Amino acid sequence: MELSTARVCCVLLSLFTGLASGLEIISTGPTSIEKASGQSVKLDCRFTLAPEDSGPLDIEWSLLSSDNQNEDKVVILYSGDRAYEDYYAPMKGRVHFNSADPKNGDASINLTGLKSSDSGTYQCKVKKAPGIRSRKMLLIVMVKPSKPRCYTEGPTEEGKDIVLRCTTNEGTKPMQYSWERTSDSKVLPASAVLDPMGGTINVRNASASASGTYRCIASNRVGTEECILYLNVTPPPNTAGIIAGAIIAVLLILIIIAIILFCCCRARHRKKYEKEICNEIREDVPPPKSRVSTARSFTVGSQRSSLGSMSPSNLHEYALKPQYDKIPSSEEYERPPSHAPLPPPSAAKMAVPNLSRMGAIPVMIPAQNRDGSIV
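This structure is a prediction, so every number in the text was calculated from the model and none was measured.

So, how was this worked out
Residues numbered from 1 in each chain as written. Predicted model: local features only at pLDDT ≥ 70, side-chain atom pairs only at ≥ 80, totals over all residues. Heavy atoms only, no water. UniProt positions renumbered as here; feature names shortened; annotations may be inferred. Helix = DSSP H or I, 4+ residues; strand = E, 2+ residues; numbered from the N terminus. Patch = residues over 30% accessible without salt bridge, like charges linked within 9 Å, V, L, I, M, F, W, Y side chains within 5 Å. Areas by Shrake-Rupley, 256 points an atom, 1.4 Å probe, with all protein chains shown as cover. Salt bridge = Lys/Arg side-chain N within 4 Å of Asp/Glu carboxyl O. Buried < 20%, exposed > 50% of the residue type's maximum accessible area, 1.4 Å probe, protein only. Pairing = 2+ DSSP bridges. Axes fitted to C-alpha atoms, helices over the stretch in contact; angles between N-to-C directions. Phe/Tyr/Trp six-rings, centres within 6.5 Å; stacked < 30°, edge-to-face > 60°. Disulfide = S-S within 2.5 Å.

## Digging into the UniProt feature "transmembrane region" (unreviewed entry) in the protein
Move 1: Sequence positions flagged by UniProt for "transmembrane region" (unreviewed entry) are, in local numbering, residues 242–265.
Move 2: Secondary structure content for residues 242–265 is 100% helix and 0% strand, and the end C-alpha separation is 35 Å.

## With respect to a nonpolar patch on the surface
Move 1: A grouping of Ile-243, Ile-247, Val-250, Leu-251, Ile-253, Leu-254, Ile-257 and Leu-261 is seen on the molecular surface, where their side chains present a nonpolar patch of about 760 Å² in accessible area.
Move 2: Residue placement: Leu-254 occurs in helix 2 (residues 239–284).

## What about unusual backbone geometry?
Move 1: In the segment running from Ala-129 into Pro-130, the intervening peptide bond is cis, with an omega of 5°.
Move 2: Put simply, Lys-173 and Pro-174 share a cis peptide bond, and its omega is 5°.
Move 3: Along the chain, Pro-174 falls in the loop between strand 13 (162–167) and strand 14 (176–181).
Move 4: The phi angle at Asp-81 is positive, at roughly 60°, despite the residue not being glycine.
Move 5: Structurally, Asp-81 can be placed in the loop between strand 6 (73–79) and strand 7 (82–84).
Move 6: Classification of Asp-81 by relative accessible area gives exposed; the value is 59%.
Move 7: Within the chain, Asn-205 stands out as a residue other than glycine whose phi angle is a positive 50°.
Move 8: Tracing the backbone through its elements, the reader meets Asn-205 in the loop between strand 16 (200–203) and strand 17 (212–220).

## Here we look at the pairing of strand 18 (residues 223–231)
Move 1: Pairing analysis gives nine bridges linking strand 17 to strand 18, with the strands arranged antiparallel. In the strand pairing of strand 18, Ala-218 is matched with Glu-225.
Move 2: Taking the residues that link successive antiparallel strands as the turn, the strand 17-strand 18 hairpin has two residues.

## Describing the sheet that holds strand 12 (residues 149–153)
Move 1: In spatial order, the strands read 12-13-16-15; together these four strands make up an open sheet with antiparallel pairing. Here the strands that pair on one side only, and so sit at the sheet edges, are strand 12 and strand 15 (192–195). Across the sheet, the mean angle from the axis of one strand to that of its neighbour is 15°, orientation sign disregarded.

## Quick word on the packing of aromatic side chains
Move 1: Going through the model one piece at a time under the given rule, you end up with one aromatic pair.
Move 2: Considering the side-chain rings of Tyr-78 and Phe-97, the 6.3 Å spacing of their centres and the 80° angle between planes classify their relative orientation as edge-to-face. Pair noted here: Tyr-78 is in strand 6 and Phe-97 is in strand 8 (residues 95–97), with a separation of 19 residues, a long-range link.
Move 3: Note on Tyr-78: relative accessible area 4%, which makes it buried.
Move 4: Its relative accessible area of 8% is what places Phe-97 among the buried residues.

## Some remarks on the state of the cysteines
Move 1: Tallied over the full model, the rule gives three disulfides.
Move 2: The side chain of Cys-166 participates in a disulfide bridge whose partner is Cys-216; the two sulfur atoms lie 2.2 Å from each other. Judged by the sign of its S-S torsion, about -90°, the bond between Cys-166 and Cys-216 is left-handed. With Cys-166 in strand 13 and Cys-216 in strand 17, this residue pair connects regions lying 50 residues apart in the sequence. Each member of the pair, Cys-166 as well as Cys-216, is classed as buried.

## Details of the sheet that holds strand 17
Move 1: One open sheet accounts for three strands, arranged 14-17-18; its pairing is antiparallel. In this open sheet, the two edge strands, each paired with only one partner strand, are strand 14 and strand 18. Within this sheet the neighbouring strands show an average axis-to-axis angle of 20°, counted without direction.
Move 2: Pairing geometry for strand 14 and strand 17, over six bridges, is antiparallel. Bridge pairing in strand 17 links Trp-179 to Cys-216.

Structure representation (structure tokens):
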């Protein structure tokens, strides 16, 4: 009974020894690596095989999820004597096996063109039945600071607190900021308070001596960047002068407005006065005797047309005729129609045919009332 028990123990010990001497990962490098973005890194994973490891060789590199609820992302594979390097789209063309034939014991990979998104825990898993081994490494891809921006906060006047600020949009924390003065004495003002983590420098109760050129340096473990700021501390403004100037300006504006209103009112009053005077003059002037002048011009025109058609042969006949075409005087026009003299009947009868023979055109003179209007 004791002999059989000893045999069982020997068999178990031999089996344990065989397993222990099988597939092993022999890499002893650091398990945490820090690199800057854009650089390259080698993740080491070398292994050894035992004679009893006779199954197919499988190598798998995966990026472990920081959240247990998400699945791990396989980055690169080696299976069936073939490497699958473009398995993970975000790292396509940037991840390769270090050895052309990983089955020789080198499962290491190289990552190029590192990005901040490449940061994480990587696991190398080697399988060859019946053995299986794995190794984890932490990769931290750090981003160097971007070009910082320097600016001031608050009024840059004497007696005020002036804050000089320096900020960067990109960069892996922790970030350190330092300020230095590059002009004059190259010493920060005595009242300056520096915050290296926030990137600010507070100059309390600033004076004109604080004016000058300042430089801010932003740095982390993978790089540095800087910016330049020129500070000009000016005297406080003359508040009393500004108020007095504002009051004078307001008064001038009011005076100009008053002058404009006065001129408008005066022009309006003058226009109204001229209109009233014009109406009074029109009421005093009697209506013009336009009918008399019209009749006169009409008669003169008829006489001129008759004279123009006469010839020397009949000129003596015209002289013997009564002068019906002469221009009547104003007294004759004003005389009532009942008292106006009438021409002799014989003369009236002789005038019409004689005038027709002379080529005169008969014209009818309209009748008029006593006031000169046409009936």
